[in-house]
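Structure assessment
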Amino acid sequence: MKFKKEKNTKKSSKNLYYNFSFLIVVVILYIVLFFLKPDKLINSLYASWDIFVSIIPVLILVIFLMGISNYLLKPKKVLKYLGKKSGFKGWFLAALFGILSHGSIYIWYPLLKDLKEHGMRTGLVAVFLYNRAIKIPLLPIMIFYFGIYFVTILCIYMIVASIPQGKIIEIIEDKYIGRRGENV
Amino acid sequence: MVDKKVNITDKASIATSFYKAIKSFGTALPVLIGVILLIGLFKVNISSKLISSIFTGEIFRDTFFGSMIGSVLAGNPVTSYIIGGELLKEGVSLFAVTAFITTWVTVGLIQLPAEASILGKRFALMRNVLSFLLSILVAIATVLTLKVLT
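Residues numbered from 1 in each chain as written. Chains lettered and ligands numbered in written order. Predicted model: local features only at pLDDT ≥ 70, side-chain atom pairs only at ≥ 80, totals over all residues. Heavy atoms only, no water.

1. What about the overall build of chain A?
Helices and strands together make up the secondary structure of chain A, namely 8 helices and 0 strands. Along chain A, helices and strands appear, N-terminal first, in the series α-α-α-α-α-α-α-α. Expressed as a percentage of its 184 residues, the buried residues of chain A come to 40%. Excluding contacts between residues fewer than 6 apart, the proportion of contacts in chain A whose partners are at least 24 apart in sequence is 73%. Here chain A displays about 11100 Å² of accessible surface, and carbon together with sulfur accounts for 71% of that area. (Helix = DSSP H or I, 4+ residues; strand = E, 2+ residues; numbered from the N terminus. Buried < 20%, exposed > 50% of the residue type's maximum accessible area, 1.4 Å probe, protein only. Contact = heavy atoms within 4.5 Å. Areas by Shrake-Rupley, 256 points an atom, 1.4 Å probe, with all protein chains shown as cover.)

Put into structure tokens, the structure is as follows:
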């Protein structure tokens with residue numbers, strides 16, 4: 001438990017280090033621009049400020065929805081409902097849990113591995129991962145940029161596309177296992 | 001008494017959930033600020049001419065390039081929406097932007113080693129290749145449907 005906590009802390013500080021490194025690189029670019037074209041630096045800052053101000057309300061809404069999603073969905077709940085022989089319900093739930101899941105994808109890899117070892121269909125793992133692309137808390141910002149029609153159509157197509165993806169992966173895996181007599 | 005206890009636990013759980021959300025958002029904030037500053041830099045310094053030389057308006061070419069860029073880049077999906085939205089304002093086609101935001105979250109070249117080591121090399125490779133191909137189809141289908149409906 002203590003080891004796991006230490007590992008998570010290490011990972012999050014590594015992420016933070018990476019995130020700040022990126023910001024520092026961008027700041028360096030601005031400093032370089034200051035010496036080369038100072039007038040363009042001011043314009044770039046104005047352009048950035050305009051973008052930032054326009055997305056503030058949506059960002060606040062995103063934080064709120066992330067909190068709600070954290071409260072309602074826990075990885076253990078997913079484990080409870082995604083067993084083997086789940087049939088159509090399994091495909092539906094894999095897609096639903098993928099949509100509702102939150103946090104970094106790394107959190108979910110070990111759980112999915114665990115579920116796979118306990119008989120979860122490989123196709124369902126793929127469906128879960130593909131549907132993670134649809135993030136309910138982030139929909140407001142997506143709608144802000146692309147409009148509600150676009151977002152609705154894209155989400156529907158993504159959910160639909162995840163099913164053949166899962167099926168194809170399952171077919172290939174089954175063929176491979178059949179040929180090699182291997183247990184994946 | 002029991003109800004009161006449940007209530008306190010529930011309140012603590014809500015507080016923890018929101019704390020986690022703020023913390024997770026806070027971690028992504030430096031990248032978000034960096035991206036916004038970078039877009040500001042691009043908006044002023046990169047001409048529309050250069051962008052339109054990469055994205056020519058040809059459906060398949062644009063969608064393919066959008067998918068390629070989205071596959072290589074990674075991070076919070078919000079970042080992809082902001083970049084996508086700004087690219088759209090610069091005149092990049094919706095096909096390319098849709099493919100870009102779709103592969104940003106479905107294909108993970110950066111996460112591939114982690115995915116392969118935990119879920120298996122074959123699975124990770126198949127999933128990412130299929131996600132890439134499907135993103136192109138999803139982008140084309142989405143934009144064409146949008147054009148028909150609106």
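That covers the picture; the talk isn't over yet.
2. Digging into the nonpolar core
Counting 44 residues, the largest nonpolar core has A:Ile141, A:Tyr145, A:Phe146, B:Tyr81, B:Ile82 and B:Ile101 as its most contacted members. When residues of this core are traced back to their parent elements, those giving at least two are α2 (38–72), α7 (139–146) and α8 (148–180) of chain A together with α1 (2–45), α4 (77–89), α5 (94–106) and α7 (121–149) of chain B. Those residues in contact with B:Tyr81 that lie beyond four places of it in its chain are A:Ala133, A:Leu138, A:Ile141, A:Met142, A:Tyr145, A:Phe146 and B:Ile101. Formed by 20 residues, the second largest nonpolar core is a distinct cluster that contains A:Met120, A:Ala126, A:Val127 and A:Phe128. (Core = buried A, V, L, I, M, F, W, Y, C linked by side-chain atoms within 4.5 Å.)

3. Thoughts on helix α6 (residues 122–131) of chain A
The element α6(A) is extensively covered by neighbouring structure, given that 10 of its 10 residues are classed as buried. For α6(A), the set of buried residues is A:Thr122, A:Gly123, A:Leu124, A:Val125, A:Ala126, A:Val127, A:Phe128, A:Leu129, A:Tyr130 and A:Asn131.

4. Topic: the interface of chain A and chain B
The interface is formed by 61 residues belonging to chain A together with 64 residues belonging to chain B. Across the interface of chain A and chain B, roughly 5700 Å² is buried in total on both sides, 78% from carbon and sulfur atoms. As a salt-bridge pair, B:Arg122 and A:Glu173 come within 2.9 Å of each other at their nearest N and O atoms. Of all the secondary structure elements, the ones that give two or more residues to the side of chain A that touches chain B are α1 (2–36), α2, α5 (105–117), α6, α7 and α8 of chain A. The element that contributes the greatest number of residues to the side of chain A that touches chain B is α2(A), accounting for 17 residues. (Buried area = accessible area lost by both parts, 1.4 Å probe. Salt bridge = Lys/Arg side-chain N within 4 Å of Asp/Glu carboxyl O.)

5. A few points about the packing of aromatic side chains
Residues and elements named next belong to chain A. Applying the stated criterion across every chain, the model contains 9 aromatic pairs over all chains. Consider the rings of Phe-34 and Phe-35, whose centres lie 5.3 Å apart with planes at 70°: the pair is edge-to-face. Between Trp-49 and Phe-52, the ring centres sit 6.1 Å apart and the planes meet at 40°, which makes this aromatic pair tilted. Residue Trp-49 and its partner Phe-52 are both found in helix α2; the two are separated by 3 residues, about one turn of the helix. Of the residues examined, Trp-49 reaches a relative accessible area of 51% and is grouped as exposed. (Phe/Tyr/Trp six-rings, centres within 6.5 Å; stacked < 30°, edge-to-face > 60°.)

6. A word on the packing of helix α3 (residues 59–72) of chain B against α7(B)
Residue and element names in this part refer to chain B. Their axes nearest at 10 Å, the elements α3 and α7 cross at an angle of 130°. Taken together, the axes of α3 and α7 lie oblique to each other. Read as a crossing pair, α3 and α7 show a hand that is right-handed. Residues Ile-59, Phe-60, Thr-63, Phe-64, Ser-67, Met-68 and Ser-71 of α3 lie in contact with α7, whose contacting residues are Phe-132, Ile-136, Ala-139 and Ile-140. Of the residues that constitute the contact of α3 with α7, the class distribution is 8 nonpolar, 3 polar and no charged. (Axes fitted to C-alpha atoms, helices over the stretch in contact; angles between N-to-C directions. Parallel < 35°, antiparallel > 145°, perpendicular 65-115°, else oblique. Left-handed = near helix turned anticlockwise from the far one by under 90°. Nonpolar A, V, L, I, M, F, W, Y, C, P; charged D, E, K, R; others polar.)

7. Quick notes on the pattern of salt bridges
Residue and element names in this part refer to chain B. Considering all chains together, one arrives at 4 salt bridges over all chains under this definition. Ionic pairing is found between Glu-86 and Lys-89, a salt bridge with its closest N-O pair at 3.4 Å. Note that Glu-86 and Lys-89 are positioned in helix α4 at a spacing of 3 residues, about one turn of the helix. On the accessibility criterion, Lys-89 (58% relative accessible area) is exposed.

8. Brief notes about the environment of B:Ala124
Residues and elements named next belong to chain B. Looking at the secondary structure, you find Ala-124 in helix α7. Look at Ala-124 and you get buried, because its relative accessible area is 0%. Sequence-wise, Ala-124 and Gln-111 are 13 residues apart; in three dimensions their C-alpha atoms are separated by 9.7 Å. If sequence neighbours within four positions are ignored, Ala-124 has contacts with Leu-112, Glu-115 and Ala-116.

9. Some remarks on a nonpolar patch on the surface
Taken together, the side chains of B:Ile54, B:Phe64, B:Phe65, B:Met68, B:Ile69, B:Val72, B:Leu73 and B:Leu109 present a nonpolar region at the surface, about 640 Å² in accessible area. Looking at the nonpolar patch element by element, the count peaks at 5 residues for α3(B). (Patch = residues over 30% accessible without salt bridge, like charges linked within 9 Å, V, L, I, M, F, W, Y side chains within 5 Å.)

10. Focus on the packing of helix α6 (residues 112–119) of chain B against α7(B)
All names here are of chain B. Following both chains from N to C, one finds α6 and α7 inclined at 135°, their axes separated by 6 Å at the closest point. With respect to α7, the element α6 is oriented oblique. In this structure, α6 contributes Leu-112, Glu-115, Ala-116 and Leu-119 to the contact, and α7 contributes Lys-121, Phe-123, Ala-124, Leu-125, Arg-127 and Asn-128. Among the residues forming the contact of α6 with α7, the class breakdown is 6 nonpolar, 1 polar and 3 charged.

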